[in-house]
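Here is how the chains run, residue by residue.
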Amino acid sequence: MSSSKSNKIVKLESSDNKTFEVEEAVAVQSETLKNMVDDGCANDTIPLPNVNGKILEMVLGWCKKHVDETVTGDELNKYEADFLDLDQADLYGLLMAANFLNVKGLLDRVLQRVADMIKGKKPEEIRRIFNIKNDFTPEEEEEIRLENAWAFD
Amino acid sequence: MKNHIYQKNEEFAQQKRTSLPQELIIEILSLLPVKCLVRFQYVSKSWFALIINDSYFIKLHLKRSKERTLILETDEPLDYLMVNFSIDDRFGEAVKIKHPLHHLPSTEIVDSCNGLVCIGNDDNAVCEFVIWNPLIRKHKKLPSKPKEKFVCGEYLSFGYDRVNDDYKVLRLVKFHQRATLERVREGRRAYSLDIYSLREHSWRMVEEEWPVEEPYSLSGPYSFSNGAFHWVATPIFTMDLKKKHVAFDLSTEKFRVHEFPVNFSIKKRVHFVDLGGWLCAVFEDLCEVWVMKEYGVSSSWTLLYWVQPAFSNLSPLVFSHEGEKVLTGEVIDDHCIELYWYDIKKNTRKIVEIQNMPEYFFLPYTCVGSTVVLLDADSDNYLQ
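Residues numbered from 1 in each chain as written. Chains lettered and ligands numbered in written order. Predicted model: local features only at pLDDT ≥ 70, side-chain atom pairs only at ≥ 80, totals over all residues. Heavy atoms only, no water.

K.L.:
How do you make sense of empty space enclosed by the protein when you look at a structure like this?
P.N.:
Where empty space is left becomes clear once a probe the size of a water molecule has been rolled over the atoms. All names here are of chain A. A complete count under the given rule lists two cavities of 30 Å³ or more for this structure. Within this model, the largest cavity holds a volume of roughly 70 Å³. As for the largest cavity, its lining consists of 10 residues, and the residues nearest its centre are Gln88, Tyr92, Val114, Met117 and Ile129. Of all the secondary structure elements, the ones that give two or more residues to the lining of the largest cavity are α5 (88-101), α6 (104-118) and α7 (123-130). Ranked by residues supplied to the lining of the largest cavity, first place goes to α5 with four residues. Classifying every residue of the lining of the largest cavity by side-chain character gives nine nonpolar, one polar and no charged. (1 Å grid on protein atoms, 1.4 Å probe; cavity = no way out; pocket = protein on both sides within 12 Å on 5 of 7 lines; lining within 4 Å. Points joined across faces, edges and corners; volume = space filled by probe spheres on them. Helix = DSSP H or I, 4+ residues; strand = E, 2+ residues; numbered from the N terminus. Nonpolar A, V, L, I, M, F, W, Y, C, P; charged D, E, K, R; others polar.)

In structure tokens form, the structure reads like this:
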């Protein structure tokens, strides 16, 4: 099979049935999609039931920007900084999508952004954000808190 | 307006229904500073287990950590000063911290490794040591050793045995001449060489013989680098013999002696430091820092940089995040130290200002890479 990638188009469908068409060079920024292309499974529309249209559009926008040779280093830095200026819901969705689609550069940036965002938060807030159940008894919680009281000021 | 908000919440709720996979949680937590991790211990039992006990997570966090801490002794023996900073040049303020041996009149920082600091005291009749993580405020006391008599030099080193996943403290003791002769007469070794292993939680004698003939002096700090302790052994009373580079492999517990380049021997006072995982030789009078580019290969010693000699220059402490600068300093006026980032290529300095530094503070500095390495340790809270 010839390896001319320049004109090949990849079709994607989001969980809410929106379709997107992108050049193969853009799509293969995602390791997941790259594997599908390499395995010859990318000839029909690829369904992505884990990713909604809004998030998929963002991810593809990122990928497009990163294959665009006319973009300068500075422009790219600014783009990446602005890109991550999202609310929690979108950031969460983006994180899951970047992980599922395995877009390495994007995933690293989003992970760092999430880490920066939760740094100052209290454990109760963390539980809400990540939907985690508190399985400590009040006594157990109190014990840990007391032992590490210095970390809570 | 209300509908719009309701819709957004619905969207958020939908997203939230899928909990983050564990591998993403690990990635995010590995990017956090230690103080956050201490707070997040009680988010849930699985987070607790991850942060406290999971050695994969702890090592990942250590590898990624850009957090560092300066620990400084001051003229108040009970407290040390701690300054948190990051290797991308953000400095916090100086904060006092009680160290675990503060019930003793004087202590000495042996070394730090992977975020753990080994502190010792040998003024008393008993040698006391502690291994301490100042960022999570937990420590473990080593079994005390009765102090020997007629000691003329005690050399301590602290490091990590990667092969056995163990932390070790090495203690070499040299005795005054008469005591040495007596020991030899009694069939004992002329010197004492003991090692403490955290896993065994006990001291034992090192079987290997010290590889250099007496008399010699050792220059410290007795650096841990590349899995071994390193000393410069300088022959006393003779100018003919060259300086020797002695290394003690922490995993095999065997000595090696490396050659020094010829020009090293004529340069005067020198000691080893570890900088970013490279073994470096610091020539104090010349203010030159050489790096062993290929560990163990004597011909690979290369000049890293030199600075203008000052009254007294500090050893380089740490590389900046990009690796083009080194944090170091010089002593100006009695006990007043000026810290700066030295740009190796550009030969420029950027002075570091730290809030709350007292007027006088002492060497040595020890730079700690922060981590959540926990031993089976005691909390600092219960120190009297």
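K.L.:
Help me understand the sheet that holds strand β3 (residues 46-47) of chain A, please; the structure alone is not making it clear to me.
P.N.:
Residue and element names in this part refer to chain A. Across the sheet, three strands lie side by side as β2-β1-β3; this open sheet has mixed pairing. Sheet topology places β2 (19-23) and β3 at the edges, where each strand pairs with a single neighbour. Where strand β1 (residues 9-13) meets β3, two bridges bridge the pair, whose relative direction is parallel. Looking at the pairing, Glu13 lines up with Pro47 of β3. Each of β1 and β2 is contacted by helix α3 (residues 53-67), which is oriented at about 10 degrees to β2, the strand it contacts most. (Pairing = 2+ DSSP bridges. Contact = heavy atoms within 4.5 Å. Axes fitted to C-alpha atoms, helices over the stretch in contact; angles between N-to-C directions.)

K.L.:
How should the interface of chain B and chain A be read in this particular structure?
P.N.:
Reports of interface size often rely on the accessible area that becomes lost once the parts have come together. In this assembly, 36 residues from chain B lie in contact with 44 residues from chain A. A combined buried area of about 3,700 Å² lies between chain B and chain A, and 63% of that area is made up of carbon and sulfur atoms. Our count for the contact surface shared by chain B and chain A stands at two salt bridges. Applying the counting rule to chain B against chain A returns eight residue pairs in polar contact (both at pLDDT 80 or more). Elements represented by at least two residues in the side of chain B that touches chain A include exactly α1 (2-17), α2 (22-29), α3 (34-40) and α4 (45-53) of chain B. Classifying every residue of the side of chain B that touches chain A by side-chain character gives 18 nonpolar, seven polar and 11 charged. (Buried area = accessible area lost by both parts, 1.4 Å probe. Salt bridge = Lys/Arg side-chain N within 4 Å of Asp/Glu carboxyl O. Polar contact = N/O pair within 3.5 Å; in protein donor to acceptor, adjacent residues only side chain to side chain.)

K.L.:
I would appreciate a short explanation of the nonpolar core in the present structure.
P.N.:
In summary, soluble globular proteins display a tendency toward joint burial of nonpolar side chains. Membership of the largest hydrophobic core comes to 58 residues, with the highest contact counts inside it found for Phe130 of chain A together with Leu29 and Phe40 of chain B. By residue number, the principal contributor to this core is α5 of chain A, which donates eight residues. Listed in part, the 36 residues of the second largest apolar core include Cys118, Leu142, Tyr160 and Val212 of chain B. (Core = buried A, V, L, I, M, F, W, Y, C linked by side-chain atoms within 4.5 Å. Buried < 20%, exposed > 50% of the residue type's maximum accessible area, 1.4 Å probe, protein only.)

K.L.:
Quick question: what am I supposed to make of a negative patch on the surface here?
P.N.:
Taken together, Asp68, Glu69, Asp74 and Glu75 of chain A make up a surface patch of like negative charges. Take Asp68 of chain A: it is sitting in the loop between α3 and α4 (73-83). (Patch = residues over 30% accessible without salt bridge, like charges linked within 9 Å, V, L, I, M, F, W, Y side chains within 5 Å. Areas by Shrake-Rupley, 256 points an atom, 1.4 Å probe, with all protein chains shown as cover. Lys, Arg positive; Asp, Glu negative; His and termini not counted. Charge placed at Lys NZ, Arg CZ, Asp CG, Glu CD.)

K.L.:
Just checking my understanding: could you explain the pattern of salt bridges for this structure?
P.N.:
Once their charged atoms are close, side chains differing in charge can pair, the charge on each being opposite to the other. In total, this model carries 28 salt bridges over all chains according to the counting rule given. Two residues, Arg109 of chain A and Glu80 of chain A, come together in a salt bridge whose shortest N-O distance is 2.3 Å. Here Arg109 of chain A, found in helix α6, pairs with Glu80 of chain A, found in helix α4; they are 29 residues apart in sequence, far enough to count as distant. When its relative accessible area of 31% is taken as the criterion, Arg109 of chain A is described as partly exposed. Here Glu128 of chain B ties to Lys141 of chain B by a salt bridge, and the two come within 3.0 Å at their closest N and O atoms. One end of the pair, Glu128 of chain B, is in strand β6 (residues 126-133); the other, Lys141 of chain B, is in strand β7 (residues 138-141), and 13 residues separate them in sequence. The class for Lys141 of chain B is partly exposed, based on a relative accessible area of 39%.

K.L.:
Looking at this model, I keep getting lost on unusual backbone geometry. Mind explaining?
P.N.:
What you tend to see is this: most non-glycine residues have negative phi, and most peptide bonds are trans. With a phi angle near 65 degrees, Asn17 of chain A is a residue other than glycine that sits in the positive phi range. The topology assignment puts Asn17 of chain A in the loop between β1 and β2. For Asn17 of chain A, a relative accessible area of 57% puts it in the exposed group. A positive phi angle, near 50 degrees, is found at Asp165 of chain B, a position not held by glycine.

K.L.:
Mind showing me how you'd approach the environment of Leu62 of chain B here?
P.N.:
Residue and element names in this part refer to chain B. Within the secondary structure layout, Leu62 lies in helix α5 (residues 55-64). Overall, the relative accessible area of 23% leaves Leu62 in the partly exposed class. Sequence spacing of Leu62 and Ser30 is 32 residues, and the spatial spacing of their C-alpha atoms is 8.1 Å.

K.L.:
Whenever I open this one, the confidence of the model for chain A confuses me. Can you help?
P.N.:
Per-residue confidence for chain A gives a mean pLDDT of 89, with 95% of residues at or over 70. Considering only residues more than four positions removed or in separate chains, one finds that residues 1-5 of chain A, a stretch of pLDDT under 50, has one contact. (pLDDT = per-residue confidence, 0-100.)

K.L.:
Would you take a moment to explain the side chain of Glu330 of chain B for this structure?
P.N.:
Residue and element names in this part refer to chain B. The topology assignment puts Glu330 in strand β24 (residues 325-332). Engagement of the side chain of Glu330 in a polar contact is seen with the side chain of Arg349, the distance being 3.0 Å. Once you skip the residues sitting within four places of it in the chain, Glu330 turns out to touch Ala310, Ser312, Asn313, Leu314, Cys336, Ile337, Glu338, Tyr340 and Arg349.

K.L.:
So what exactly am I meant to see when it comes to the layout of surface pockets here?
P.N.:
The space that makes up the second largest pocket amounts to roughly 890 Å³. For the lining of the second largest pocket, the elements supplying multiple residues, two or more each, are α6 of chain A together with α3, α5, β2 (79-86) and β3 (90-98) of chain B. With five residues, β2 of chain B is the largest single contributor of residues to the lining of the second largest pocket. Taken together, the residues that form the lining of the second largest pocket break down as 11 nonpolar, eight polar and 11 charged.

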